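Okay, here's what each chain looks like letter by letter:
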Amino acid sequence: MTSLSAICLMVLMLSCGNKGQVSSSGSVDSLSVDSVATEVDEEVCIDSIKTDTVSFSKEDGIYKFGLVADYPVAGPDSVVKKIREFINDFFGGAYEGSLADGNGMIARNGEMSFGNFLELCGDADLEEVNELFQYKSVNKGYETGKFVTFNVWVSQYTGGLHGIGFEEGHTFSKVNGQCFGYEMMRNLDTPAFKQLIKEGLKRFFTSEDAKELISDNDLLQELVSYSGSADEIPLPDNEPYMTEKGVTFIYQPYEISYYAAGKPEFTISYDIVRPYLTQQAIELFMPGK
């Protein structure tokens, strides 16, 4: 588990711009804020969501913990407010002060969440592990003049056979700050859309050097957590989100496949997914509309 933890910690610190590092021993708290550049679509000239990086980390012996976020500091008021509320809730919702204070928000949530993390590790056999960890991050993803997507990651090991990771995306309208997921879509229970889900998963499980996609039977062999037909594969539990190339769907570990498969995901391009978007979503999100 040491190598996995080291990788997670490295990702955390790179996201923080190498701020808020923890010492190798003892009990250390750290909190940092520093500016990061925003990556935006060419459409964005004004009203882009500008962020600072806020982070919290704590280490106590074998227990290692960290939070990091691209925290909105400027942009349309309605969307900045919604994203700040979302980040506070994702990190535990313990902070009740002004959300303009990202520093205070992450410090309060960090202290509470570290305590919760220790409780999760309560049953771990400390003689069998070198370290236990939990890292959470919120990162600004793709942005246009109409919407911005924030991605969240969780990586943790609290004892047992292995650690586990979690990933999802959240798309916010710049018109009013509304977060869109499945409600931006329609006709998802049709055979045509279910075919897109099947093809997306086939692309995920087909090796890059293969000349054609895997068969239905081979796909079902990969989907060990699912026992139905290849034509009736359920949608991911987590909401879809907007990216540069289209709408992305992601299944979490064990949701539909085995642990080693990771997080099966695929993206349906905007030109293909358009018939399955509501009119509101088309007006808000479709490129050039």
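Because the structure is a prediction, the values reported are computed rather than measured. (Residues numbered from 1 in each chain as written. Predicted model: local features only at pLDDT ≥ 70, side-chain atom pairs only at ≥ 80, totals over all residues. Heavy atoms only, no water.)

Some remarks on the overall build of the protein
Here is the rule: Put simply, DSSP H or I for four residues or longer makes a helix, DSSP E for two residues or longer makes a strand, and each gets a number counted from the N terminus. Summary of the burial criterion: residues with accessible area below 20% of their type's maximum are buried, those above 50% are exposed, and those between are partly exposed, where the area comes from a 1.4 Å probe applied to protein chains only. Throughout, a residue-residue contact means that at least one pair of heavy atoms, one from each residue, lies within 4.5 Å.
Within the protein one finds seven helices and 10 strands. By the burial criterion, 49% of the 289 residues in the protein qualify as buried. Sequence-distant contacts in the protein: of pairs separated by 6 or more residues, those separated by 24 or more amount to 59%.

Quick notes on the pattern of salt bridges
Defined as follows: Salt bridges are defined by distance alone: a side-chain nitrogen of Lys or Arg within 4 Å of a carboxyl oxygen of Asp or Glu.
Across all of its chains, the model carries 10 salt bridges by this definition. Between lysine 64 and glutamate 131 there is a salt bridge, with its nearest N and O atoms 2.7 Å apart. Of the two residues, lysine 64 is situated in strand 3 (residues 63–74) and glutamate 131 in the loop between helix 3 (102–120) and strand 4 (132–143); the sequence distance between them amounts to 67 residues. Salt-bridge contacts for lysine 198 lead to aspartate 216; the nearest nitrogen and oxygen are separated by 3.2 Å. Separated by 18 residues along the polypeptide, lysine 198 in helix 4 (residues 191–205) and aspartate 216 in helix 5 (residues 216–222) bring together distant segments of the chain. Three or more residues are tied together by salt bridges with common partners; here these are Lys198, Lys202, Asp216 and Asp231.

Here's the deal with the side chain of glutamine 134
Structurally, the position occupied by glutamine 134 is in strand 4. Not counting chain neighbours up to four residues away, the residues in contact with glutamine 134 comprise Lys64, Phe65, Gly66, Ser113, Phe117, Leu120, Ser155 and Gln156.

Considerations on the side chain of lysine 140
Here is the rule: Two N or O atoms form a polar contact when they lie within 3.5 Å of each other; inside protein one atom must be a possible hydrogen donor and the other a possible acceptor, and for residues adjacent in sequence the pair counts only when both atoms belong to side chains.
Mapped onto the secondary structure, lysine 140 falls in strand 4. Looking at lysine 140, its side chain comes within polar contact range of the main-chain oxygen of isoleucine 49, at 2.5 Å.

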